[in-house]
Amino acid sequence: MSDKTIRVLVIEDNLEDFQILRILFSKVKNRQYEVQNAARLSDGLNELRRHEHDVYLVDYKLGADSGMDFLRQAIEVEKCQAPIIFLTGFGDYELDIEAMRLGAADFLNKNKLDSDILERSIRYALERKRSEAGRSQLEAILLQSADAVMGTDLEGTVTAWNHGAEVMFGYEAADIIGKTVTILSPDDRKEQITKIREMVLTGQAVGSYETVRKKKDGSFVDVSASVSPIKDLQGKILGASAILRDISERKQAEAGQKKHEEQIRLAQKMDAVGRLAGGVAHDFNNLLSVIGGNAEFLTEILKKEGPGWEELQEVQKAVRQGAELTKQLLVFGKKQVSQAQSVNLNEISADMNKMFKRVIDAAIDLSILQGKDLKHIQADPGQIQQVILNLVLNAQDAMPKGGTLIVETKNVEIGEFEDGRDDYLPPGSYVELDVTDTGMGMTPEVQQRIFEPFFTTKADKGTGLGLASVYAIVKAWSGFIFVHSTLGSGTTFCLFFPALGQVEKVETKPIQQTLIPRGTETLLVAEDQESLRKVWVRTLEKQGYLVLQAGDGAEAVQKASEYGGTIDLLLTDAMMPKMNGKELADALKKTRPQIKVVFISGYPHEVLSEQGILDAHIHLIQKPFELDLLAGQIRKILDEKGIGLRFLTKGSSQFDAD
Amino acid sequence: MKCSDFTIMFAEDNLSIQKIYEKNFLKEGYNVLLADHGAQVMAGLKESKVDLLVTDLEMPGMNTFDLFPVLKKDHPKLPVIIVSGHYVDFKTEFESKGFNFKLFLSKPVSVGVLKEKIREILKIDPAEVK
């Protein structure tokens, strides 16, 4: 600083006085000043706006104006940061006070001025400004930080509270300063906050620990906190400062991730049980056949009600139970026969109402709340009935003394970035089915294992397969299931099934007896909508085809190049982003000229022709169509000699997942 | 008609189950022919007059699926009962194969039920049953 030339502007209308000041400045040793003059207030302000001077000296008398006006304007209007030193020709205490109040750095009497006084006044003023600037920056950082910064005294009374703390906790600084800091502590953590304060008051800092704090509205926020002692210059502890960062988002993400991982683990466990069951079913059933067959043979030989006869009945009963058990286990391996249909949960729950009345205890108040305009889902109605019945009976078992049981359905949209949901669901349209009871509830430990095969809390009558099969069925139809339960107050099972596009009632058809043609050819299915693609693939796989699938044109080309065998038919959406169906077909025909191509489109034939996507010699199936129709159509096309022309108009509206 | 007028072939790779078929149906009075796998079934059908076939769906070597075309071609009228330890019901599938598919039963099969069904199919006079 001492080497730098200090730029000084003197606002002074008396040229003589200015000359005297210049001389005084020039006499100062070891310092360089660049001294300029502005004769009028307006000139002085103009200069000030250019921020080129380190310090301003302003005379009290400026012709018609007063130096006070300059001071006022410079500080209040122009927010001048450089020091302004006031000069007068006479010492006036009142004036001095007024100048100080307005923000003058010093007040000098021109008549008593010498170069030492001038030098010292300017040096002090500049030094003061510099440390002030540093402090106010630090203050701004603390005040405006998004982290909550707070101070307390030795007793734990809040003494400082920044903007971040206001936002985080909902208390204004004025609300909370003077109150005790434990106000922020959830009831079960009051002790923790006291303990930390005690540690800090012995001089220790407590580094970033994660905890929960309570907001003004009573809700909780996850925070990472650091607490340090506040000491004065002598090292005496005056209180504690705390910096808290909101980590709820991270905590939520972690919880979501954990839940998601649990779901995956459970699915794997189910799959393993299913595979195991599938693997042993044949042998196990053979064993049961031998046991049962011999028992039957003996039963015929032995006299009815004679010695051993009753025991043989027991053996046969056990054989039947064993067979039933295998059958249930096979659900997990998805080996159960199922009938994919467009299903409306409102219709199913209404149909089941009669049955509920028979099986539900009179002490239980059952209501069925049906969502309006409920969308359809793809499922097997028999299995869905099994799911609902299972959940309802479970709910009843949870309420041995009676209570309320609610079966509720509704449409749900999950957005791309849905926050705040406990349950992990990929974005999309769903139909939600909730079964709620006001029963005994479950502990978190039980909730965690509730869907595991063979886990049961019903010591005497449970097989541990009820909820496990519910889970397996929900999963088989690409659904999701969550349980929310509070010990002592009840449980809700929330099921989500991907919704089919339409809302209007479709005629429920009797279970199809007609034969859907099957095949063993290899098909490549390209469709960018995952839900649609899955349904098609599942349908075609059920008919025996080997199905390769791809989410877009590029992936389809890649799958085709990786697959060594013949691909008999390409089933592709005509309109896909990046590479459309036609482009994909052309690309594949280069290496597989024999491949047959079927386009699926929601657009009319003409539109596709106009866009050059379709030429006349191409098969087109228009959306929406029935799944059976798809399978039938594909069989026909595969059986055709050469590449014929087939144009299919809109089928019945059985299926439309758009 | 009485049981001794008929020959039933049981195709089953599990020998204990074979034994159960053998004992029960011999006792009923039928002639019984046993086969361990598909090839034996074909040979048996060629060499003997068989009136009804009870076959497991899964057998080692040539399985029942491979038999279907042969049944369709050479024995389209032979009544066939299919038994399986899996619960996948291929009823509609079997009906379309062009042979005389009668019934699908899940294992474990009750011998009593099987006896009854066979009596129905072969139109056995109840008075003739031993």
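For the structure itself, consult the block above.
Residues numbered from 1 in each chain as written. Chains lettered and ligands numbered in written order. Predicted model: local features only at pLDDT ≥ 70, side-chain atom pairs only at ≥ 80, totals over all residues.

A.B. asks: Just to check I follow, could you spell out the overall build of chain A for this structure?
C.D. replies: Along chain A, the regular secondary structure elements total 19 helices and 25 strands. Burial analysis of chain A (658 residues in total) assigns 32% to the buried set. Once local pairs closer than 6 in sequence are excluded, the contacts in chain A between residues at least 24 apart make up 66%. (Helix = DSSP H or I, 4+ residues; strand = E, 2+ residues; numbered from the N terminus. Buried ≥ 20, exposed ≤ 12 C-beta atoms within 10 Å, placed from the backbone. Contact = placed C-beta atoms within 7 Å.)

A.B. asks: Is there a simple way to think about the overall build of chain B in this case?
C.D. replies: Secondary structure assignment for chain B yields five helices and five strands. Expressed as a percentage of its 130 residues, the buried residues of chain B come to 37%. Counted over contacts in chain B with a minimum sequence separation of 6, partners at least 24 positions apart contribute 62%.

A.B. asks: Teacher, can you tell me more about helix H9 (residues 248-301) of chain A here?
C.D. replies: Relative to the 80 Å expected for 54 residues at 1.5 Å per residue, H9 of chain A spans 74 Å between its end C-alpha atoms, a close match to the ideal helical length. Of all the bends in H9 of chain A, the greatest, near 50°, is centred on Ala 281 of chain A. (Expected span 1.5 Å × (residues − 1). Bend = angle between axes of the 7 residues up to and from the residue.)

A.B. asks: For this particular structure, what's the right way to read the sheet that holds strand S3 (residues 52-56) of chain B?
C.D. replies: Sheet strands line up and pair through hydrogen bonds in the backbone, either parallel or antiparallel. Residues and elements named next belong to chain B. What the five strands build is an open sheet, ordered S2-S1-S3-S4-S5; its pairing is parallel. Pairing within the sheet leaves two strands with one partner each, and these edge strands are strand S2 (31-35) and strand S5 (101-106). Pairwise comparison of adjacent strand axes, ignoring direction, gives a mean angle of 15° for this sheet. Here four bridges tie strand S1 (residues 7-11) to S3, and the two strands are oriented parallel to one another. Within the sheet, the bridge partner assigned to Ile 8 lies in S3 and is Leu 52. Sitting on the sheet, helix H2 (residues 38-47) touches S1, S2 and S3, and the angle it makes with S2 is about 145°. (Pairing = 2+ DSSP bridges. Axes fitted to C-alpha atoms, helices over the stretch in contact; angles between N-to-C directions.)

A.B. asks: For this particular structure, what's the right way to read unusual backbone geometry?
C.D. replies: Among all residues save glycine, negative phi is the norm, and among peptide bonds the norm is trans. Residue Pro 108 of chain B is reached from Lys 107 of chain B by a cis peptide bond, and omega for that bond is 0°. Within the secondary structure, Pro 108 of chain B sits in the loop between S5 and helix H5 (111-122). Within the chain, Ser 478 of chain A stands out as a residue other than glycine whose phi angle is a positive 60°. Within the element layout of this structure, Ser 478 of chain A appears in the loop between helix H14 (466-476) and strand S18 (480-486). Positioned with a positive phi, Lys 123 of chain B is a non-glycine residue whose angle comes to about 50°. Within the secondary structure, Lys 123 of chain B sits in the segment after H5. Residue Lys 123 of chain B is classed as exposed on the basis of its C-beta count, with 7 C-beta atoms lying within 10 Å.

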